[in-house]
Structures are given as structure tokens and as C-alpha cells.
Amino acid sequence: HVLNRAKESSVGDVFVATPDDEIFKTINENGGTAILTKYEHQSGSDRIYEVYSKVLKNKIGLIINLQGDMPNIKPSSISKLVKFMNNSNCDIGTLASQIKDKNDITNPNIVKVKTKQNLKKDEFLEVEDFFRKGDDLSMEKIYHHIGIYAFTNTALTKYVNYSRSKLELERNLEQMRAMENNMKIKVGYSDTFPLGIDTKSD
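Let me sum up the structure you'll find in this document. (Residues numbered from 1 in each chain as written. Predicted model: local features only at pLDDT ≥ 70, side-chain atom pairs only at ≥ 80, totals over all residues. Heavy atoms only, no water.)

1. Brief notes about helix 3 (residues 44-54)
- Taken together, the buried positions of helix 3 are occupied by S45, D46, R47, I48, E50, V51 and Y52.
- Elements in contact with the buried residues of helix 3: strand 1 (16-18), strand 2 (34-36), strand 3 (62-66), strand 7 (142-152), helix 5 (153-160) and helix 7 (175-180). (Buried < 20%, exposed > 50% of the residue type's maximum accessible area, 1.4 Å probe, protein only. Helix = DSSP H or I, 4+ residues; strand = E, 2+ residues; numbered from the N terminus. Contact = heavy atoms within 4.5 Å.)

2. Overview of the packing of aromatic side chains
- In total, this model carries four aromatic pairs according to the counting rule given.
- Ring geometry for Y149 against F151: centres 6.4 Å apart, planes inclined by 50 degrees, an arrangement best described as tilted.
- One aromatic cluster in this structure is built from Y149, F151 and Y159. (Phe/Tyr/Trp six-rings, centres within 6.5 Å; stacked < 30°, edge-to-face > 60°.)

3. Some details on the packing of helix 3 against helix 5
- Between helix 3 and helix 5, the least distance of the axes is 10 Å, while the angle of their chain directions is 120 degrees. Considering the angle they form, helix 3 stands oblique to helix 5. The handedness of the crossing between helix 3 and helix 5 is left-handed. Residues S45, D46, I48, Y49 and Y52 of helix 3 form the contact with helix 5, whose participating residues are N153, L156, T157, Y159 and V160. (Axes fitted to C-alpha atoms, helices over the stretch in contact; angles between N-to-C directions. Parallel < 35°, antiparallel > 145°, perpendicular 65-115°, else oblique. Left-handed = near helix turned anticlockwise from the far one by under 90°.)

4. Some points on the side chain of T18
- Residue placement: T18 occurs in strand 1.
- A relative accessible area of 4% places T18 in the buried class.
- Among the polar contacts listed, one links the side chain of T18 to the backbone nitrogen of D20, at a separation of 3.0 Å.
- With sequence-adjacent residues up to four places away left out, T18 is seen in contact with I23, F24, I35, L36, T37 and R47. (Polar contact = N/O pair within 3.5 Å; in protein donor to acceptor, adjacent residues only side chain to side chain.)

5. Thoughts on the pattern of salt bridges
- Per the stated rule, a full pass over the model turns up seven salt bridges.
- Residue E128 pairs with K114 through a salt bridge whose shortest N-O separation is 3.7 Å. Taken together, the positions of E128 in strand 6 (residues 124-131) and K114 in strand 5 (residues 112-115) put the pair 14 residues apart, joining distant regions of the chain.
- Among the residues examined, E128 registers a relative accessible area of 35% and is labelled partly exposed.
- Residue class for K114 comes out partly exposed when judged on its relative accessible area of 32%.
- Here R177 ties to E168 by a salt bridge, and the two come within 2.9 Å at their closest N and O atoms. Pair check on accessibility: R177 and E168 agree, each one buried.
- Taken together, the shared-partner salt bridges in this structure form one network comprising D46, R164, E168 and R177. (Salt bridge = Lys/Arg side-chain N within 4 Å of Asp/Glu carboxyl O.)

Structure (C-alpha cells):
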């Protein structure tokens, strides 16, 4: 499903980077292009860099990391992020949607993103923070993070050369490595609410 959503966005070539033999076989048997990577990568972005540097030979200008738990992301959301990146000056771009349930603020399976101003349609704002849980937080300027990242080729190369950071480890959020090394991350608003498949109930 994630492979098909990526193809339907029509933003460029689609590759599935995986260390898993079963995923590799399934994707290639169903019309996709899977690339077997090393098992020991610490994050999806590190895994994608292996494909970028070894298979794509550093020839791609913009790399989209669409995570494998996003089966019903809208293809238009993917293409919207590409448009944001092409018209903005930042290292990394991502998306977020409105939080509909107040309980999501304290649910650690739902990653939140905080901005300095309210995030409106067609805006691409600098991120202030990412977190999994918080207490007594106003929902204003806090949004539901969507598991997609766009890297410039320079930013991806820079990112993987940094060591895993303190907050990356504490929060189990790979984007904190970029935040703690002063890389500029911007977030765009998505009016759709894709389901992340992270737990058995999902």
C-alpha cells in the first residue's frame, strides 16, 4: 500500500529500502523495486542514505523518506511536500495535521510537532520541537506529525554523518538528531489524517 501511494504521487522514482528478505521478495514480485540494505541501521534516514549513496550514486537532488507505517497517506500530500521543498529554503521538510482528540497529546504512539505560529493551509513553517508525550499542553500550535520527511541531498549527507543525539535516543525520534545539530526543519499543513500503523489496535 505504501509503495502504491508513493507511485501515485508521481514525484519521481520509488524504491523500498529494507533489510528484510520477505519484504524485498514481496515488493519485487508485485511490480516494485526493493533494495536490500544492511540490517543494523539506527534510523530510516540512515537506511535511505545507503541506497542514495550506493545505488543512486548521489545523483538525486531531493529524497523523500516515506515511512512504511503510512498505508493510506494521500498521494497529493506527498506531492505537496515536494512543492513546499522546491519553494523553500530549509534542510528537511515534513507534514502535520490537526489533532482531533485531546488524548492524543499524551499518547506516546502519536508524535507531535510544535510550531511558533499557528500552522495554516499552504504554509510551511519552521519546527520548534517534536515530542511523543507532554502534560498540560495547550493544543494550540501543536499538531499530529505525519511520518514523511523530505531531505535535500546535502542535508541527508550531513544528517547521517552526525552521531545519534541525546534527544534522538531519549525520545526515540530520529528527527531530533537534525534539530540538535541546528538543521532547519519546516512543516506543512495536511488537511488529511493518515492512519499510522504502529500498534496491534491500529
